[in-house]
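An overview of the molecular structure
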Amino acid sequence: MSIPALIARPLGVVASPFPYGVVARHDAQAISGPADGDAYDTWTDLSGRGAHLGKAGTTSALYRNGTAGENINGHACIRIVVDTTCYFTYATDILSAAAAGEVFVVAKNDYDPPGSTGRAGYWSFTSSDFSVHHPYTDGKIYEAWGRATRIDCGEPVDSLTAMDIYNVISSASEWTVRLNTTQLYTTATNTPSFLSTGIRVGRSAASPYNWPGLFGELVIFNRALSSSERTDTYNYLAARWAV
């Protein structure tokens, strides 16, 4: 893995930690109460908007406290259980009215590449997301976050079985995917598209595309960030997750 250390701007410019357009934020390090290995059915939204992620599959995700077993760089995380229908959804509409959006996620895959298509999902934010793979069995990332068509983003150099910071931008003038600040794909041609209901985190929209791995943090914005805001956000996540 080659995640760059803090880049360009000092971490101190980020307060709160995100003072711009956050519609949902979920941070496993902020969880208190459950014991390691407990079922975790509601991942609280820290944005103040009440956009909590709730259990949607038949299997509960698990809370890992970062010290007793599984962890992301020694920190607490959420385990999406392999080979089960284990995923979250939003009960509220967080993005469908947005003209643009951006997402950051801190995660660690169990497999790269997965040995079966049943382990090749990730999430579902638009109607075409049945085909989102992170990665597919060929090792490539196929992404459709915030757009109506899927894009082959290629096979990243960094292994997804190590902790990574993944970022997607969707606006009328840009659709870009980055892994650990490395650009995997970009285009200036895009029509932003977001679901109002049926969003999935930890599973693509069509069976049997589940995703096995560990989630650390998920941050969603209702606009595309400026270059400096994006750097600030990356810097915050890189510092918080001990990159």
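The following refers to the structure shown. (Residues numbered from 1 in each chain as written. Predicted model: local features only at pLDDT ≥ 70, side-chain atom pairs only at ≥ 80, totals over all residues. Heavy atoms only, no water.)

**Topic: helix α1 (residues 227–240)**
Counted only if it meets this: Each helix is a run of DSSP H or I of at least 4 residues and each strand a run of E of at least 2, with the numbering of both proceeding from the N terminus. How far a helix is expected to stretch is found by multiplying one less than its residue total by 1.5 Å. Only protein chains enter the calculation, and the probe is 1.4 Å; a residue is then buried if its accessible area is under 20% of its type maximum, exposed if over 50%, and partly exposed in between. In what follows, a contact means two residues having at least one pair of non-hydrogen atoms within 4.5 Å.
For α1, with 14 residues, the first-to-last C-alpha span of 20 Å sits near the 20 Å given by 1.5 Å per residue. Counting buried residues in α1 gives 10 out of 14 residues, a clear majority hidden from the surface. Along α1, the residues classified as buried are Glu-229, Arg-230, Thr-231, Asp-232, Thr-233, Tyr-234, Asn-235, Tyr-236, Leu-237 and Ala-238. As for α1, its buried residues are in contact with β1 (22–27), β8 (101–109), β12 (164–171), β13 (174–179) and β16 (213–221). Among the residues trailing α1, Ala-242 stands out with phi positive, at a value near 60°.

**Looking at the nonpolar core**
Our working rule: Buried Ala, Val, Leu, Ile, Met, Phe, Trp, Tyr and Cys residues that are joined via side-chain atoms within 4.5 Å together make up what is termed a nonpolar core.
If you look at the biggest cluster of nonpolar residues, it comprises 64 residues, and the most contacted ones within it are Ile-78, Tyr-90, Trp-123, Phe-215 and Ile-220. When residues of this core are assigned to their parent elements, the largest contribution, six residues, is made by β16. When residues no more than four places from it in sequence are discounted, the contact partners of Ile-78 are Ala-28, Ile-31, Tyr-40, Trp-43, Ala-61, Leu-62, Tyr-63, Phe-88, Gly-213, Leu-214 and Phe-215.

**Considering the pattern of salt bridges**
Quick reminder of the rule: Whenever Lys or Arg places a side-chain nitrogen within 4 Å of a carboxyl oxygen from Asp or Glu, that contact is recorded as a salt bridge.
All chains considered together, the criterion is met by 11 salt bridges. Residue Asp-36 is joined to Arg-64 by a salt bridge in which the shortest nitrogen-to-oxygen separation is 2.9 Å. Taken together, the residues span a long stretch of sequence, with Asp-36 in the loop between β1 and β2 (39–40) and Arg-64 in strand β5 (residues 61–64) at a distance of 28 residues. Measuring nitrogen to oxygen at the nearest pair gives 2.7 Å for the salt bridge that ties Asp-83 to Arg-119. In this pair, Asp-83 sits in the loop between β6 (77–80) and β7 (88–90) while Arg-119 sits in the loop between β8 and β9 (123–124), placing the two residues 36 residues apart along the sequence. It is possible to trace a salt-bridge network through shared partners that takes in Asp-36, Arg-64, Glu-70, Arg-79 and Asp-110.

**Some points on the packing of aromatic side chains**
Rule in force here: Aromatic rings from Phe, Tyr and Trp, taking only the six-membered ring of Trp, are treated as a pair when their centres fall within 6.5 Å; an angle between ring planes under 30 degrees marks them as stacked, one over 60 as edge-to-face, and anything in between as tilted. Here, a charge over a ring means that NZ of Lys or CZ of Arg falls within 6 Å of the ring centre while also lying within 35 degrees of the ring normal.
With the rule as written, the count across this model stands at 17 aromatic pairs. Their ring planes at 85° and their centres at 6.4 Å tell us that Phe-104 and Phe-221 sit as a pair that is edge-to-face. Taken together, the residues Phe-104 in strand β8 and Phe-221 in strand β16 connect sequence positions 117 residues apart. Side by side, Phe-104 and Phe-221 carry an identical accessibility label, which is buried. Among the aromatic residues, those joined into a ring-pair cluster are Tyr-122, Trp-123, Phe-125, Trp-145, Tyr-166, Phe-194, Trp-211 and Phe-215. Here the guanidinium or amino end of Arg-147 rests over the ring plane of Trp-175, the centre of that ring lying 5.1 Å away.

**Overview of the pairing of β1**
To keep it simple, the criterion reads: Here, strands pair whenever DSSP counts at least two bridges between them.
Of all six residues in β1, six are buried; the element is thus mostly enclosed. Both β1 and β16 contribute to a ladder of five bridges, which runs antiparallel. Directly across from Asp-27, in β16, lies its bridge partner Glu-217.

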